[in-house]
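Structure assessment
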Amino acid sequence: MANTEKKSKKSLIAIIVAIIVVVAAVIAVVALKGGNKDANSNTDQEKAKITIAVPNDTTNEARALLLLQEQGYITLDESKGITATISDITDNPYGIEFKEVEAAQLPNVLQDVDFAVINSNYAIEGGLNPVKDGLAIEGSSSAYGNILAVKEGNENTDAVKALSAALQSQKVADYIAANYDGAVISVVDNPTDGYDSSVDYDALKGTTISVAASPTPHAEVLAIAKEILAEKGITLEIKEFTDYVQPNNVVDSGEIDANYFQHQPYLDDFNAENNTHVVSVATIHVEPIAIYGGKQTSLDVIKK
């Protein structure tokens, strides 16, 4: 009888141990699945948190979004073209979050976002090189060539023609080619000696031409044009601006003779929104816009 009781106790203990083992195994499996679920959830959250900063002005924002579309990250409404904004994104398969930032401030916020799409002039000012540092760069589309612009009606004055000729010189084209490593590209088809035969340079001698410009590369390029005009006794006064608004306002008001900082799509949009009358007289160079890494160093993380 005692032996029977001992056997029963041993059997009961064995059953209890077996149950404990099974329960422990079940808990382990559930925990593992939960862990995997959490890991997958975290991965999804990481995807959703990829943030790209883009310019907040209409034309440059569209330009940035078109570059992202070319890379296969988003799809835009085809009808919007160079006026597209983030509201015109029809497909965002990788859950990218967009942060609209003033173009000039993009290099400053780069460290706070995963990526930023930055205009070359601001990238250069921020110590970035579009060719070397850009993770993806647009082609040198003539639609975004940087222009010399003046108040409507002043296109054919001798002062404007003299400045235009100086900017379209071989000396300026050579300077651009030698100093920007492909980050700025001259688009002047037939560079000249820097002078316009129809201009009365003797009449302009002793006069001053004023021009509003972004610091880099525009003011730097204008410094070469300044040397060309100085040979004819003309002073070129270069006034630097760090925003995209005042250079057009001061030209439209007549305070400054010309500006050199923008491309045609931006000017068209600016005139339409502000009822200004500023027009292009020459296209000088193009600055390819590019995607730069902030918190991330490779675009591959977007599609992971």
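Up top you'll find the structure we're talking about.
1. Topic: helix H2 (residues 58-70)
For H2, which comprises 13 residues, the first-to-last C-alpha distance of 18 Å matches the rise-based estimate of 18 Å (1.5 Å per residue) to within 8%. Buried residues of H2: Thr 59, Asn 60, Glu 61, Ala 62, Arg 63, Ala 64, Leu 65, Leu 67 and Leu 68, and no others.

2. Remarks on the packing of aromatic side chains
In total, this model carries seven aromatic pairs according to the counting rule given. Ring geometry for Tyr 195 versus Tyr 201: centroids 5.6 Å apart, planes at 85 degrees, classification edge-to-face. By relative accessible area, Tyr 195 is classed as partly exposed at 21%. Between Phe 261 and Tyr 266, the aromatic rings sit 6.2 Å apart at their centres with planes inclined by 75 degrees, giving edge-to-face as the arrangement. Classification of Phe 261 as buried rests on a relative accessible area of 2%. Accessibility expressed as a relative area gives 7% for Tyr 266, which makes it buried. The structure contains a cluster of three or more aromatic residues connected by ring pairs, namely Tyr 122, Tyr 244, Phe 261, Tyr 266 and Phe 270. Just above the ring of Tyr 195 sits the side chain of Lys 232; from NZ or CZ to the centre is 4.9 Å. One residue, Lys 232, lies across the ring of Tyr 201, its end atom 5.4 Å from the ring centre.

3. Notes on the sheet that holds strand E7 (residues 145-151)
The strands that make up a sheet are held in pairs by hydrogen bonds between backbone atoms, and each pair lies either parallel or antiparallel. Across the sheet, which stays open at both edges, the six strands sit in the order E8-E12-E7-E11-E9-E10 with mixed pairing between neighbours. If you trace the sheet from one side to the other, it starts and ends with strand E8 (185-186) and strand E10 (235-240), each paired once. Sheet topology places strand E9 (residues 208-213) next to E10; six bridges connect them, and they run parallel. Opposite Thr 208, over in E10, you have Thr 235 as the bridge partner.

4. Thoughts on the side chain of His 218
By the secondary structure assignment, His 218 is in helix H9 (residues 215-230). At 3.2 Å, the side chain of His 218 and the side chain of Glu 287 are in polar contact. Not counting residues up to four positions away in its chain, the partners in contact with His 218 are Asn 121, Asn 146, Ala 213, Tyr 260, Phe 261, His 285 and Glu 287.

5. Re the nonpolar core
Note on soluble globular proteins: their nonpolar side chains tend to be buried together. If you look at the biggest cluster of nonpolar residues, it comprises 31 residues, and the most contacted ones within it are Leu 163, Leu 167, Leu 222, Leu 236 and Tyr 260. Of all the secondary-structure elements, those providing two or more residues to this core are E7, helix H6 (158-167), helix H7 (170-179), helix H8 (201-204), E9, H9, strand E11 (258-263) and strand E12 (278-286). Those residues within four positions of Leu 167 in sequence are excluded, and the remaining contacts are Leu 148, Val 172, Val 221, Leu 222, Ala 225, Tyr 260 and Ile 284. One finds Ala 62, Ala 84, Ala 136 and Ile 289 within the second-largest nonpolar core, a separate group that totals 22 residues.

Calculation rules
Residues numbered from 1 in each chain as written. Predicted model: local features only at pLDDT ≥ 70, side-chain atom pairs only at ≥ 80, totals over all residues. Heavy atoms only, no water. Helix = DSSP H or I, 4+ residues; strand = E, 2+ residues; numbered from the N terminus. Expected span 1.5 Å × (residues − 1). Buried < 20%, exposed > 50% of the residue type's maximum accessible area, 1.4 Å probe, protein only. Phe/Tyr/Trp six-rings, centres within 6.5 Å; stacked < 30°, edge-to-face > 60°. Lys NZ or Arg CZ within 6 Å of the ring centre and 35° of its normal. Pairing = 2+ DSSP bridges. Polar contact = N/O pair within 3.5 Å; in protein donor to acceptor, adjacent residues only side chain to side chain. Contact = heavy atoms within 4.5 Å. Core = buried A, V, L, I, M, F, W, Y, C linked by side-chain atoms within 4.5 Å.

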